[in-house]
Amino acid sequence: MQQTSFDFDNNELTEDRSLWTPRDIWVHANQRVLESFREDRRFERKNHKSPNLEDLATYFSTFSNTPDGGLLIYGITDAGEIKGCNFSQEQINKIERCHINLCPMAKPEFKKIPVVVDGKSSFCIAIFIPYIGVLVETNKDQAWIRYGDSKHQMSEEEKRDFRSTRQELSFELSIAVHYNYPADFDLRIIQDFCDAFREREQRPEWKNDEILVDRHLLKKVDDKYKPLNCLVLLAAKDPALTIPGCRIRVLRFDTLIEGSGESYSPLRDRVIEGNLVQLIQNSQEIVSAQIFDVTWLNVDGKFVTTPEYPKWAWFEAIINACVHRSYSFSGTEITVKLFPDRMEIESPGGFVPPVNEKTIYHTRSSRNHHLMDALRYLGYVRMAREGTRRIRESMIEYQLPEPSFRQEALHGVVVKVTLRNDQETHKRASDKDVALYFGVDVWRKLEEHEIKIAAHVFRNSTVQVSEAQRLTGRTWATSKKDLERLVTKGVLVFEPGAYARDSKALYRLVRPPKQSSGTVNYNIAPD
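Described in the following lines is the structure provided in the data block. What you are looking at is a predicted structure, and each value in this text was computed from that prediction instead of being measured.

Criteria and cut-off values
- Every residue gets a number counted from 1 within its own chain, in the order that chain's sequence is written.
- In keeping with the predicted nature of the model, local features appear solely for residues at pLDDT of at least 70, side-chain atom pairs appear and are counted solely at 80 or more, and the whole-chain, interface and lining totals rest on all residues.
- By convention in this description, side-chain values take in all heavy atoms of the structure and omit both hydrogens and water.
- In this description a helix means any DSSP run of H or I spanning at least four residues, a strand means any run of E spanning at least two, and both kinds are numbered starting from the N terminus.
- Only protein chains enter the accessibility calculation, which uses a 1.4 Å probe; a residue whose area is less than 20% of its type maximum is buried, one above 50% is exposed, and one in between is partly exposed.
- The contact rule is simple, with two residues in contact once any of their heavy atoms fall within 4.5 Å.
- Using the Shrake-Rupley algorithm and a 1.4 Å probe, accessible areas are obtained, with residue cover drawn only from the displayed protein chains.
- Pairing between strands requires that DSSP locate at least two bridges from one strand to the other.
- Definition used for salt bridges: Asp or Glu carboxyl oxygen within 4 Å of a side-chain nitrogen of Lys or Arg.
- Axes here refer to lines fitted to C-alpha atoms; in helices the fit is confined to the stretch in contact. Angles between the N-to-C directions go from 0 to 180 degrees.
- Roughly parallel here means an angle under 35 degrees, roughly antiparallel means over 145, roughly perpendicular means 65 to 115, and every remaining angle is called oblique.
- By definition, turning the near helix anticlockwise from the far helix through less than a right angle yields a left-handed crossing, and turning it clockwise yields a right-handed one.
- When two rings of Phe, Tyr or Trp (its six-membered ring) have centres within 6.5 Å they constitute a pair, described as stacked for plane angles under 30 degrees, edge-to-face for angles over 60, and tilted for the intermediate range.
- Placement of a charge over a ring requires the Lys NZ or Arg CZ to be within 6 Å of the ring centre, with the centre-to-atom vector within 35 degrees of the ring normal.
- A pair of cysteine sulfur atoms is labelled a disulfide when the two atoms are within 2.5 Å.
- To define a nonpolar core, start from buried Ala, Val, Leu, Ile, Met, Phe, Trp, Tyr and Cys residues and group those joined through side-chain atoms within 4.5 Å.

### With respect to the overall build of the protein chain
Stage number 1. Broken down by element type, the protein chain carries 19 helices and 19 strands.
Stage number 2. When burial is assessed residue by residue, the protein chain has 47% of its 527 residues classed as buried.
Stage number 3. Within the protein chain, contacts between residues at least 6 apart in sequence are counted, and of these 63% link residues at least 24 apart.
Stage number 4. As displayed, the protein chain has an accessible area near 26800 Å², and 47% of this comes from carbon and sulfur atoms.

Structure representation (structure tokens):
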């Protein structure tokens, strides 16, 4: 069948469709539009034969709980081929009534989209499910949410986090019934906070208790002061009594993956416990001790020695995790994991809408508003005011890749910040003495496998082809060529054996050239 032409210049289809919301797709939906979309977080295809109403109910919950909602289309195969619907009117009626009994809080909208299949008229059924803003469950008390192009069933902890995030209830404003004020709190922290408040707000006459009530850290009940969870997190002597996840775990691995079971063997495993002020202060020292120093060549042609990652990148990420994590996941801690090529900071709980992976640098939203406000007076959130942007700028300044912010379903939902150290300059990290020996002009021209060989010869004086092969993982013939190129570059000198492939044949390190004055010319810029 000959297709009709489409005037893309005079309609809204000229926009970038990757930016369309589910409702945008719903509004513009026709056969041409449906053919252009693949399944993603906004859009789900369903079969064209017999609708599964139980399955449909899970999608009503899924998209009702996913920011921007989602679109479900009956009549398209998983491969994207439009087949149309062969549903009876009774089946269509069941689809449109399904949510009433199986997912009553969902608010779906329905319409038919005309399509042509094999030269015959047919239709697809489009269902737009808007985001509701409160937890939507099926009649089986199941709640679902969309991550990427798949749906995920929420655990009870995730449900509590969702409700807390959407302000159906507030964890930080709940009364901490197991704590007595002021006996169970660090009065030094409280005094520092109140002094900072009085100075900033010009309230010299306000008493500490008045400030804590005003800042929603205390609540007065029958002439008695009751501490709220927010104050427990900020200044309790033992917050783990009721919030065991109020801690940071720091692990260092010598492998690229964490492993499990017998293969799980971190080099270091430290746990930082206490209130948030203690966590933030102590994390600086403990994480710093786990970070290696590296020597690398910067853009100015100088060898510099720095930590693997800029402090402001990982420290801001830890502060953000402390402030924005979900404390409804009471048994789950913040985790800092260091691998040879990256650092990961995992914060329990998902993004707080409208923040997501794409809006993280220019959209602000807080899960624990009063806790963040308290830390701002103490000066910590002032450092993290431009948190995510400062993390990115610090990494760029170190010539490292931009940070990654992702929401993942691991042990519950977490937001994972990943800092990588594997950019080209840092791949060349080595002992400074090795770098200085060869000099800038030679060093910057070497390939990665050549640097491995050069560093080995520097430490061991000689290398054979078989050793170079093991170092680089390349073939014997290729390793032989690598060594010959290093001879040409003036790094090595060849000492042949008595015959071809003589096991005694080897390559030896070339001494650096000397200036006429007798001093070594390393051609190195000073530190």
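Additional details are given in the paragraphs that follow.
### Remarks on the pairing of strand β19 (residues 506-509)
Stage number 1. Here strand β17 (residues 462-463) pairs with β19 via two bridges, running antiparallel. Looking across to β19, one finds that Val463 is bridged to Tyr507.
Stage number 2. Pairing analysis gives four bridges linking strand β18 (residues 492-495) to β19, with the strands arranged antiparallel. Looking across to β19, one finds that Val493 is bridged to Arg508.

### Observations concerning the pattern of salt bridges
Side chains bearing opposite charge may pair, as long as their charged atoms lie close to each other.
Stage number 1. All chains considered together, the criterion is met by 32 salt bridges.
Stage number 2. Residue Lys94 is joined to Glu90 by a salt bridge in which the shortest nitrogen-to-oxygen separation is 3.8 Å. With Lys94 and Glu90 both in helix α4 (residues 89-102) and four residues apart, this pair spans about one turn of that helix.
Stage number 3. Residues joined in a network through salt bridges with shared partners are Asp341, Arg342, Glu344, Glu408, Lys416 and Arg420.

### Considering the packing of helix α9 (residues 276-290) against helix α10 (residues 311-324)
Stage number 1. At a closest axis distance of 11 Å, the pairing of α9 and α10 adopts a crossing angle of 150°. On the basis of the axis angle, α9 is roughly antiparallel to α10. Here α9 runs over α10; the crossing is right-handed. Side by side, α9 and α10 meet where Leu276, Ile280, Ser283, Gln284, Val287 and Ser288 of the first sit next to Lys311, Trp314, Phe315, Ile318, Ile319 and Cys322 of the second.

### With respect to the packing of aromatic side chains
Stage number 1. Following the criterion strictly, the structure yields 14 aromatic pairs and no others.
Stage number 2. With 6.0 Å between their ring centres and 70° between their planes, Trp314 and Phe315 make a pair best called edge-to-face. As far as burial versus exposure is concerned, Trp314 and Phe315 are alike and both buried.
Stage number 3. Taken together, the aromatic side chains of Phe193, Phe197, Trp206 and Tyr377 make up a single cluster linked through ring pairs.
Stage number 4. The ring of Phe494 is capped by Lys480, whose NZ or CZ atom sits 4.5 Å from the centre of that ring.

### Observations regarding the sheet that holds β19
Stage number 1. What the three strands build is an open sheet, ordered β17-β19-β18; its pairing is antiparallel. With partners counted over all chains shown, the strands left at the sheet margins are β17 and β18, one partner each.

### Some details on the state of the cysteines
Such a bond, covalent and formed between the sulfur atoms of two cysteines, is termed a disulfide.
Stage number 1. Applying the stated criterion across every chain yields a total of zero disulfides.
Stage number 2. Free cysteine Cys98: the closest other cysteine sulfur is in Cys103, separated by 8.0 Å.
Stage number 3. Under the relative-accessibility criterion, Cys98 is labelled buried at 4%.
Stage number 4. In this structure Cys322 is not part of a disulfide, and its nearest cysteine sulfur, from Cys246, lies 7.7 Å away.
Stage number 5. A residue is classified by how much of its surface remains accessible, and Cys322, at 0% relative accessible area, is buried.

### Observations regarding the side chain of Ser347
Stage number 1. For Ser347, the location among the structural elements is in strand β14 (residues 342-348).
Stage number 2. Aside from chain neighbours lying at most four places away, what touches Ser347 is Ala321, Arg325, Val413, Val414 and Val415.

### Considering the nonpolar core
Stage number 1. Counting 67 residues, the largest nonpolar core has Met343 and Leu419 as its most contacted members.
Stage number 2. Top contributing element to this core by residue count: α10, with nine residues.
Stage number 3. If sequence neighbours within four positions are ignored, Leu419 has contacts with Tyr309, Ala313, Trp314, Asp341, Arg342, Met343, Ile345, Ile391, Met395 and Pro403.
Stage number 4. The next biggest cluster of nonpolar side chains, apart from the first, holds 20 residues, and it includes Leu56, Phe63, Ile92 and Ile95.

### A look at the sheet that holds strand β3 (residues 109-117)
Stage number 1. Spatially, β1-β2-β4-β3 is the arrangement adopted by the four strands of the open sheet, whose pairing is mixed. Single-partner strands in this sheet number two, and they are β1 (43-46) and β3. Within the sheet, the average angular offset between the axes of one strand and its neighbour, ignoring direction, is 25°.
Stage number 2. Against the sheet, α4 engages β2 (70-74), β3 and β4 (120-129), with an angle of about 145° to β3.

So far we have only geometry, and geometry alone does not tell us how the molecule works.
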